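What follows is the residue order along each chain.
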Amino acid sequence: MKNKLIIISILVFLFFGSFVFLRQLPHIVMSGHMQFLYYQITNLQEYAKKHNCMFFTKHYKSEVETYLAAEVPKTKNEMDEIIKKADRLYEDFLKNPSKKLSLQDYGEKLNDYERVLESLEFIVYADILHITDKYLLIPFGGYPTDWSGALAECFYPYFKKYNVDDSQLVELGNYIEQKQNELNKISKKISDYKLPKYDIKNMRLLYKFPNQGKQNYKTNGI
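Residues numbered from 1 in each chain as written. Predicted model: local features only at pLDDT ≥ 70, side-chain atom pairs only at ≥ 80, totals over all residues. Heavy atoms only, no water.

*Asks:* Please explain the overall build of the protein chain as it appears in this structure.
*Replies:* In terms of helices and strands, the protein chain carries six helices and zero strands. Each helix and strand of the protein chain, placed in order from N terminus to C terminus, yields the pattern α-α-α-α-α-α. Counting the 222 residues in the protein chain, one finds 36% classified as buried. Taking as baseline every contact in the protein chain between residues at least 6 positions apart, the subset at least 24 positions apart corresponds to 76%. For the protein chain, the computed accessible surface area is about 13,900 Å², with 58% contributed by carbon and sulfur atoms. (Helix = DSSP H or I, 4+ residues; strand = E, 2+ residues; numbered from the N terminus. Buried < 20%, exposed > 50% of the residue type's maximum accessible area, 1.4 Å probe, protein only. Contact = heavy atoms within 4.5 Å. Areas by Shrake-Rupley, 256 points an atom, 1.4 Å probe, with all protein chains shown as cover.)

*Asks:* Is there a simple way to explain unusual backbone geometry in this structure?
*Replies:* Most peptide bonds adopt trans geometry, and most residues besides glycine take a negative phi value. Positive phi, close to 55°, is recorded for phenylalanine 56, a residue that is not glycine. Within the element layout of this structure, phenylalanine 56 appears in the loop between helix H2 (38-51) and helix H3 (57-95).

*Asks:* Just checking my understanding: could you explain the nonpolar core for this structure?
*Replies:* Most often, soluble globular proteins keep nonpolar side chains buried together rather than apart. Tyr60, Leu68, Leu110, Ile128, Phe155, Phe159 and Leu169 are the most contacted members of the largest nonpolar core, which has 43 residues in total. Mapped onto this core, the elements with two or more residues apiece are H3, helix H4 (99-134), helix H5 (148-161) and helix H6 (167-191). Beyond its immediate chain neighbours, meaning those up to four positions away, leucine 110 contacts Ala86, Leu89, Leu183, Ile186, Ser187 and Ile190. (Core = buried A, V, L, I, M, F, W, Y, C linked by side-chain atoms within 4.5 Å.)

*Asks:* Just checking my understanding: could you explain the packing of H3 against H6 for this structure?
*Replies:* If you want to describe how two helices pack, look at the angle between their axes and the distance between the axes. Where H3 contacts H6, the axes come no closer than 10 Å and their chain directions differ by 5°. Between H3 and H6, the crossing angle belongs to the class labelled roughly parallel. Classifying every residue of the contact of H3 with H6 gives 16 nonpolar, two polar and seven charged. (Axes fitted to C-alpha atoms, helices over the stretch in contact; angles between N-to-C directions. Parallel < 35°, antiparallel > 145°, perpendicular 65-115°, else oblique. Nonpolar A, V, L, I, M, F, W, Y, C, P; charged D, E, K, R; others polar.)

*Asks:* Looking at this structure, I do not really get the packing of aromatic side chains. What am I missing?
*Replies:* Two aromatic rings are characterised by how far apart their centres lie and by the angle between their planes. All told, the structure shown has eight aromatic pairs when counted by the stated rule. Each member of the aromatic cluster is reached from another via a ring pair, and the members are Tyr90, Phe93, Tyr106 and Tyr193. Taking the ring centre of tyrosine 175 as reference, the NZ or CZ of lysine 76 above it sits at 4.9 Å. The aromatic ring of tyrosine 90 is capped on one face by lysine 189, whose charged end is 4.4 Å from the ring centroid. (Phe/Tyr/Trp six-rings, centres within 6.5 Å; stacked < 30°, edge-to-face > 60°. Lys NZ or Arg CZ within 6 Å of the ring centre and 35° of its normal.)

*Asks:* Teacher, can you tell me more about the confidence of the model for the protein chain here?
*Replies:* Caution applies to low-pLDDT regions: their predicted coordinates should not be interpreted in detail. Of the residues in the protein chain, 66% reach a pLDDT of 70 or more, and the chain-wide mean stands at 79. A low-confidence stretch, residues 11-15 stays under pLDDT 50, and its non-local contacts, those more than four residues away or across chains, total zero contacts. Predicted confidence for residues 213-222 stays below pLDDT 50, and this span has 16 contacts to residues more than four positions away or in other chains. (pLDDT = per-residue confidence, 0-100.)

*Asks:* Is there a simple way to think about the pattern of salt bridges in this case?
*Replies:* Any two side chains of opposite charge can pair if their charged atoms end up close together. Summed over all chains, the structure comprises eight salt bridges. With a shortest N-O distance of 3.1 Å, lysine 179 and aspartate 80 are connected by a salt bridge. Taken as a pair, lysine 179 in helix H6 and aspartate 80 in helix H3 lie far apart in primary sequence, 99 residues in all. We classify aspartate 80 as partly exposed; its relative accessible area is 21%. In this structure, arginine 115 and aspartate 112 form a salt bridge, with 2.3 Å as the shortest nitrogen-oxygen distance. Of this pair, arginine 115 and aspartate 112 are both found in helix H4, three residues apart, which corresponds to roughly one turn of the helix. Overall, arginine 115 belongs to the partly exposed group, its relative accessible area being 49%. Note on aspartate 112: relative accessible area 34%, which makes it partly exposed. Because the salt bridges share partners, they merge into one network encompassing Asp80, Lys179 and Glu182. (Salt bridge = Lys/Arg side-chain N within 4 Å of Asp/Glu carboxyl O.)

Pasting the structure below:
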């Protein structure tokens, strides 16, 4: 009898151990380990999109909605801070004594701000997919994309099926579009700025403008 209990215990341990490992496998592969399984995992993820099974659906709905209620306002505030930084950058540009030389630097910085806006939205989507994975028989793990829409394709079917309130997520999408438009207006004001033919006489003063970043303009004692 004792031997039977030991054997049963070992089998149960192996079963659940294998189950846990298989659930972690997509994440392990997409995190950079076991890359030889990459295509097999992406095939499994595509299969999961069509044939997955979800457990504890009421808990899933509650957890996602609680997360969105807390995280979306926070993310919107972070987006506001990016626009404030862009406004300060434009003010810095107007004061810069050598706009022609530093124009590209300002443009690159605004492009960085654009990427930060997108990444803030992406983080929310990635977190939702992570929550979704907790309740799925076949988890998606580290999904191979940097586009929020691809993540949404994974979890939105469960939003619809289990009546998850997505109003906060829709609001976030509208909000990032608004902030991107504001950022584009600032970028256009800089790119359309009428530059003088010569604006390098005060090039030595560039060190006062750390946002434009490049020090190699302060040369030849100018």
